[in-house]
Amino acid sequence: MALTLITGGTVVGPTGRSRADVLLDGEQVAALVRPGDTTLGVDLASVAETVIDATGKYVIPGAVDPHTHMELPFGGTAASDTFETGTRAAAWGGTTTIVDFAVQRTGERVQDSLAAWFAKAEGNCAIDYGFHQILGGVDDDSLKAMDELVTEGITSFKLFMAYPGVFYSDDGQILRAMQKAATNGSMVMMHAENGIAIDVLVRQAIDRGDTAPYFHGTTRPWETEEEATHRAIMLARLAGAPLYVVHMSAKQAVATLARARDDGWNVFGETCPQYLYLSLEEQLGARSEEWGDFEGAKWVCSTPLRSRAEGHQDELWRYLRTGDLSVVSTDHCPFCMKEQKELGLGDFSKIPNGIGGVEHRLDLVYQGVVDGKISLERWVELCCTTPARMFGLGDRKGVLAPGADADVVVYDPAGHTSIGYTSGADTAHGNRKTHHMNMDHSAWEGFEIDGHVDVVISRGTVLVSDGEYHGHPGHGRYLRRSTSAYLR
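Only a predicted model underlies this, so the values are computations on that prediction, with no experimental measurement involved.

A separate point is the sheet that holds strand β5 (residues 28-33). Strand order in the open sheet made by the 4 strands is β5-β4-β1-β6, with mixed pairing throughout. Looking at which strands have only one partner, the edges of the open sheet turn out to be β5 and β6 (50-53). Strand-to-strand twist of the sheet, defined as the mean angle between neighbouring strand axes without regard to direction, takes the value 20°. Sheet topology places strand β1 (residues 3-7) next to strand β4 (residues 21-25); 4 bridges connect them, and they run antiparallel. Directly across from Leu3, in β4, lies its bridge partner Asp25.

Moving on to the packing of helix α13 (residues 361-370) against helix α14 (residues 376-390). Orientation of α13 relative to α14, taken along the N-to-C sense of each, is 155°, at an axis distance of 9 Å. When the interaxial angle is binned, α13 and α14 end up roughly antiparallel. Seen from above, α13 lies across α14 with right-handed handedness. Of α14, the residues touching α13 (which contributes Arg361, Leu362, Val365, Tyr366 and Val369) are Leu376, Trp379, Leu382 and Cys383. In terms of residue class, the contact of α13 with α14 is built from 8 nonpolar, no polar and 1 charged.

The final tally for this structure, using the stated rule, is 0 disulfides. Distance from the sulfur of Cys272, which forms no disulfide, to the nearest cysteine sulfur (Cys301) is 7.9 Å. Cysteine Cys333 is unpaired, with the sulfur of Cys301 as its nearest cysteine sulfur at 9.9 Å.

The next thing to look at is the confidence of the model for the chain. Predicted coordinates in areas of low pLDDT are best not read in detail. Residues with a pLDDT of 70 or more make up 97% of the chain, whose mean pLDDT is 95. Low pLDDT, under 50, characterises residues 423-431; the stretch is placed with 11 contacts to residues that sit more than four places away or in other chains.

Turning our attention to the environment of Cys125. Along the polypeptide, Cys125 turns up in the loop between α3 (110-121) and β12 (128-135). For Cys125 and Glu71, which are 54 residues apart along the polypeptide, the C-alpha to C-alpha distance reads 13 Å. Residues contacting Cys125, with those up to four places away along its chain left out, are Phe83, Thr87, His472, Pro473, Gly474, His475 and Gly476.

For any two helices packed against each other, the geometry comes down to the angle between their axes and how far apart the axes lie. Two numbers describe how helix α5 (residues 171-184) lies on helix α8 (residues 222-239): the axes approach to 9 Å, and their chain directions differ by 45°. Put simply, α5 runs oblique to α8. Remark: the crossing between α5 and α8 carries right-handed chirality. Between α5 and α8, the residues in contact are Asp171, Ile174, Leu175, Met178, Gln179 and Ala182 and Arg231, Ala232, Leu235, Ala236, Leu238 and Ala239, respectively. Split by residue class, the contact of α5 with α8 holds 9 nonpolar, 1 polar and 2 charged.

A few words on unusual backbone geometry. Leaving glycine out, the prevailing phi sign among residues is negative, and the prevailing peptide bond configuration is trans. The amide bond that connects Ser302 to the next residue, Thr303, takes the cis arrangement and shows omega of 0°. A positive phi angle is found at Glu339, which is not glycine, with a value near 70°. Its location among the elements puts Glu339 in the loop between β17 (327-328) and α13.

This brings us to the packing of aromatic side chains. One pass over the full model with this rule turns up 22 aromatic pairs. Summarising the aromatic geometry, the rings of Phe74 and Tyr163 are spaced 5.4 Å apart at their centres and angled 75° between planes, so their arrangement reads as edge-to-face. Remark: Tyr163 occurs in the loop between β13 (156-160) and α5 and Phe74 occurs in strand β9 (residues 73-74); sequence separation between them is 89 residues. Accessibility assignment for this pair places Phe74 and Tyr163 in one class, buried.

Calculation rules
- Residues numbered from 1 in each chain as written.
- Predicted model: local features only at pLDDT ≥ 70, side-chain atom pairs only at ≥ 80, totals over all residues.
- Heavy atoms only, no water.
- Pairing = 2+ DSSP bridges.
- Helix = DSSP H or I, 4+ residues; strand = E, 2+ residues; numbered from the N terminus.
- Axes fitted to C-alpha atoms, helices over the stretch in contact; angles between N-to-C directions.
- Parallel < 35°, antiparallel > 145°, perpendicular 65-115°, else oblique.
- Left-handed = near helix turned anticlockwise from the far one by under 90°.
- Contact = heavy atoms within 4.5 Å.
- Nonpolar A, V, L, I, M, F, W, Y, C, P; charged D, E, K, R; others polar.
- Disulfide = S-S within 2.5 Å.
- pLDDT = per-residue confidence, 0-100.
- Phe/Tyr/Trp six-rings, centres within 6.5 Å; stacked < 30°, edge-to-face > 60°.
- Buried < 20%, exposed > 50% of the residue type's maximum accessible area, 1.4 Å probe, protein only.

Below is the structure:
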């Protein structure tokens, strides 16, 4: 097998950092050795087929994004990134594994919906991928399917307390699914918003003539997230099942989760970069010459962006430091403004919900390190190690250790990344613009990152280096997952 040596860098993991060279043997990590160490009996640089100089840079595991929605049908359209375009963009940003969501709607067989997602992804992914299963209709057949899927390596199931008539499950259905999870070791993932109450608020706003994107946020107030989070936790407690609450945005909801964790319950929470940086006032309330007050549609997602005046963003960073929030994912679900988001012109409730971000998560969370919000080690833990362990990939992904998959990112803390829609070089400033997602805008336009993804390696194959993309569709493999490492 081909040997690759990454030399001169600082290896960073969730528990510390050290100067070490990383030897890759084919698709696996072979060894971490001290620079100049001859324990293996040879000068490694002389026998390696490829030597990558990481002097002055961080060497970290490939990032794992456990929450993406490629090609998701939603709101009369579908997410604009295919598995091909979305995984290519992920690779550009240092993500080497995604876990996407297969979608069962009411009346569909779970197995048929899963087969459809396998067909979308197979042969098209640039990086490795797994699946969660959305249960849009909890009945006897889907409960039986949960057991079958766990044996096939799909060990997490997502339910919705929102979107009545589309994905919504009532409390009885949620309880039954949680009871099944308690017996087969799977993880229940919950979209925790009170969708019944939200629908009332939405109708009232539209009737008043409050139709701009800003009102998407005000009709999904923090109370609807906090209440649903509390209810999900109580149902999980009743069933004796673990719970993972997705895309948390309201500080009150996370406080409820933190109290349950303090009491020793098996509950976990994730947030996303949009909730750490963006806001109701600045983004959902934005205006532009082209779109007027519909500019805010670029940032319509659910749960919604929260008010900066209420302090949600700072509190979420604090909860990342304390460990009450376990993971930063993206909830990557991109839609173009033209012909997609504009379906909601004159009625915010018809705007497809979603933001594109799979390319930028590693950079955006790293900026939190630069700004003193989290540690370097916590960055790796949130973006790489914990997502892998949470969803049954911890023996292969999210770590640099002998036997793990050779997924590696060389990250330059002295580099700079200018996020913007225009791809290519910003020659005026010597900075590289980043945007490889299949969208006609960037939700992160103008963000400046004090760091840069220099090299991305997936299972020993270089996907990105020297500002060039070397990957291809079909390199990514499907990952059968075990149960969560946090439940053993």
